[in-house]
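If you want the building blocks of each chain, they are given just below.
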Amino acid sequence: MPQIYLCFLWHMHQPFYKDLNSGEYKLPWTRMHALKDYYGMVHILEEFPKIRQTFNLVPSMMAQVAEYASGEAADPFLQMALKPAESLTESDRRFLLQHSFYSDPHHMIYRYPRYGELYDAFRAHSAFATQDFRDLQMWSQLAWFDEEFQAGDAEVREWIERGRRFTPHDQIRMGEKQREIVGRVLPAYQKLAQTGQIEISTTPYYHPILPLVCDSNIAGVSHPSVPLPPRFRYPEDARKQLALARDYILRNFGVAPVGLWPSEGSVSDEVFHIACELGFEWAATDNGVLNRTLSRSVPVEGLYRPYQWRQGNHSLRVIFRDHFMSDLIGFVYSKMEPSHAAEDFLHRIRQNCAGILASGRDALVPIILDGENAWEYYERNGRPFLRDLYRKISSDSGMTAVTASEAFRLMAAEPLDHIFPGSWINANFDVWIGAEEDNEAWTHLLRARATYDSVAAGVPEDRRKMAFEELMIAEGSDWCWWYGPEHQSDNRVEFDQLYRSHLANIYRFLNLNPPEELSRPILRVVTPDVRIDPSGPIHPVIDGEVTSYFEWMGAGIYRVDERSGAMHGKRFLVKEVQFGSDGRNFYLRLDFHDGVESGLSGMGLRVTAQPLDGAAASYLSFGFLSGAATAGEMQLAMPADQPVECAFARIWEARCSLAALGVSQGGGLRFQLSLWQSGLPVDAVPQQGWLEMRTTRPEDMAG
């Protein structure tokens, strides 16, 4: 009797959140999903031995899980949750209030009465007592604990039932429980992989969009009118990312993976050639790619079967995900009662397959989607839905849940002589390239890659390896996922900062200063500010003190709206900039936020100034050390005697000869500045663009 073969592939992935320079995790999501999803999604299959599935593990995600399991991960979000509530500073309290309510309110906050109570208090701007903060520290973590631990671990269950009045000891034990849960993730996958109930497939190590890494211009094939950045073409990097992934799975599971879910289902003929050469035997992508490959809308009769791509002596088997049915699980069934959702899913599958089965042929139904991101919107993390679904499949004699490799053995494949270049989203690459932000990100990446090629040979091996690893990380898809207009997140600013930090680290490991452009956000964030033009000549004394109220009277002023900075999750160091001229010199003053001055020691300040007529720019660097400022390396447009002086005490102020800056008599100039620490940008003024003085002639300034 013809069978319906259900081929589930759960893609387990989070971006690489660790900063290799500091060793610190910049966002907590790998740990949070390890608590809630990575273990539970595979462990639940032990209840249903007839259900066989494929789990796609991204090595860079699993490497992070392993570091958390070992207790070596430096995660400030976890550290803040474990800090004694009595010791919290005002800054700590702001941090906790900002980062403790990321969960879905309906299913992960109001599910727990005390957590919902704290959320309501936060939204009402109510004051939090010490005990409130400790309860919040606990709930911001407990809500992410796997369902098995919430129900089956006596200590965790007691916390859930008590709900409030947690103690410092509870915090300590909660941290220990986290490590216990995360430590079970890899063994759970190893156990079921050894029994054959699951197959492990993989993705290139740091989750890059392989076709774009091979040749970014290929985006113009799938979208002919898309604006493209300068060409990025490094197929050797694509090969390296794939080879590293295979090696990782081999080390941890004892068998090299034969299956490949290319990042975001992104495929091309060139990618398939590389995959074949490295030993992959099958790959998966989206049915939209199949439609464009065959130049027609492919019905289920064509979708529900395996294919064989072949070019020359290279051959790769391919399945194409049922986009509609996969997205029902990802985005729709969370809004339904679990048993009704499971029944609806299987009813639709049976309807789709009816004609295929009637013809005497088996049907292969590829269901491929994220294995972690949907479940927080489901009742009890999706467990009732999955249990009902797996139970119904197990009891249906006409359905069998199989791994991808089993599916290829069970059914004959249709031939393909090429694959259309595209991803699972609209069968193109528009999410990752083409928008202004995306293209700027690719341009920065290309410059860093070219710099590596030009200088890496002269760098010690250990630093060269670190620089190359940072390149691999920066090639990941997740950065450009958040650039452009397609996606929104509370953490877009953090993703932007982390991407630029990875790029900056490439230069640092190559013993180079990162380019100043990396101090500025790629995100086009609107930051309301105050800009006042100079209104008269100024003659300040450069001593780092506010010697007289009148010495800066008439200066131009730039002041960033602090509410905007808080809204976007960034703490600005510079509160206000004043600037002006006496006709011979350019003067610059920085006022810092309260409490910042003591932390400036060791930081560097870079100033770029350029005449408005477009002549060559000048680059000035300054340092802060022990409450004083020093002038550093200068690249001035024109030579001059005593071109620069600076001072720092209560404020930072400097004088620079206009002649040295190449500014003609009375000409205008534009400037921007940035603060750096340990080779990484920490603030930039302005966040985008330049500040301008239209004239340096006192008599031409506003009255």
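(A) Summary view of the overall build of the chain. The helix and strand inventory of the chain stands at 26 helices and 22 strands. Taken over C-alpha atoms, the radius of gyration comes to 29 Å for the chain, in line with the 27 Å a tight globule of 703 residues would show. Taking the principal axes of its C-alpha atoms as reference, the chain extends roughly 95 × 65 × 45 Å. Here the chain holds 703 residues, and 60% of them are scored as buried. Sequence separation of 24 or more characterises 73% of the internal contacts of the chain that already satisfy a separation of 6 or more.

(B) Fine view of unusual backbone geometry. Between Val685 and the following residue, Pro686, the backbone shows a cis peptide bond with an omega angle of -10 degrees. Mapped onto the secondary structure, Pro686 falls in the loop between strand 21 (680-685) and strand 22 (691-693). A positive phi angle is found at Glu264, which is not glycine, with a value near 60 degrees. Despite not being glycine, Ser626 has its phi angle at roughly 50 degrees, a positive value. Mapped onto the elements of the fold, Ser626 is located in the loop between strand 16 (618-625) and strand 17 (628-635). On the basis of relative accessibility, which here comes to 65%, the residue Ser626 falls in the exposed class.

(C) Fine view of the packing of aromatic side chains. Under the definition given, this model contains 44 aromatic pairs. Between Phe101 and Tyr119, the ring centres sit 5.3 Å apart and the planes meet at 45 degrees, which makes this aromatic pair tilted. Here Tyr119 lies in helix 6 (residues 113-123) and Phe101 lies in the loop between helix 4 (90-99) and helix 5 (105-109), a separation of 18 residues in the sequence. For Phe101, a relative accessible area of 10% gives the class buried. For the ring pair Tyr110 and Tyr119, a centre distance of 5.8 Å and an interplane angle of 70 degrees mean the geometry is edge-to-face. For Tyr110, a relative accessible area of 37% translates into the label partly exposed. Here Tyr119 falls in the buried class, since its relative accessible area comes to 13%. For Arg606, the ring lying beneath its charged end belongs to Trp676, and the centroid distance is 3.8 Å.

(D) Looking closely at the nonpolar core. Trp10, Phe55, Tyr189, Ile329, Phe345, Ile349 and Phe385 are the most contacted members of the largest nonpolar core, which has 183 residues in total. The contact partners of Tyr189, leaving out residues within four places of it in the chain, are Met12, Tyr38, Val42, Phe55, Leu57, Ile198, Ile200 and Phe253. With 38 residues, the next largest nonpolar core counts Tyr558, Val560, Val596 and Leu673 among its residues.

(E) Seen up close, the confidence of the model for the chain. Of the residues in the chain, 97% have a pLDDT of 70 or more, and the chain-wide mean is 93. Below pLDDT 50 for its whole length, residues 562-570 participates in 16 contacts with residues either more than four positions away or in separate chains.

(F) Region of interest: the side chain of Asp388. Looking at where Asp388 falls in the secondary structure, it is placed in helix 20 (residues 383-394). Exposure remark for Asp388: the relative accessible area of 12% places this residue in the buried category. Asp388 has contacts with Ser339 and Ala342, leaving out every residue within four places of it along the chain.

(G) Here's a closer look at the environment of Gly302. Within the secondary structure layout, Gly302 lies in helix 17 (residues 300-303). Residue classification places Gly302 among the buried positions, given a relative accessible area of 12%. Separated by 54 residues in sequence, Gly302 and Ile356 place their C-alpha atoms 9.6 Å apart.

Rules behind the numbers
Residues numbered from 1 in each chain as written. Predicted model: local features only at pLDDT ≥ 70, side-chain atom pairs only at ≥ 80, totals over all residues. Heavy atoms only, no water. Helix = DSSP H or I, 4+ residues; strand = E, 2+ residues; numbered from the N terminus. Rg over C-alpha atoms; globule rule 2.2 N^0.38 Å. Buried < 20%, exposed > 50% of the residue type's maximum accessible area, 1.4 Å probe, protein only. Contact = heavy atoms within 4.5 Å. Phe/Tyr/Trp six-rings, centres within 6.5 Å; stacked < 30°, edge-to-face > 60°. Lys NZ or Arg CZ within 6 Å of the ring centre and 35° of its normal. Core = buried A, V, L, I, M, F, W, Y, C linked by side-chain atoms within 4.5 Å. pLDDT = per-residue confidence, 0-100.

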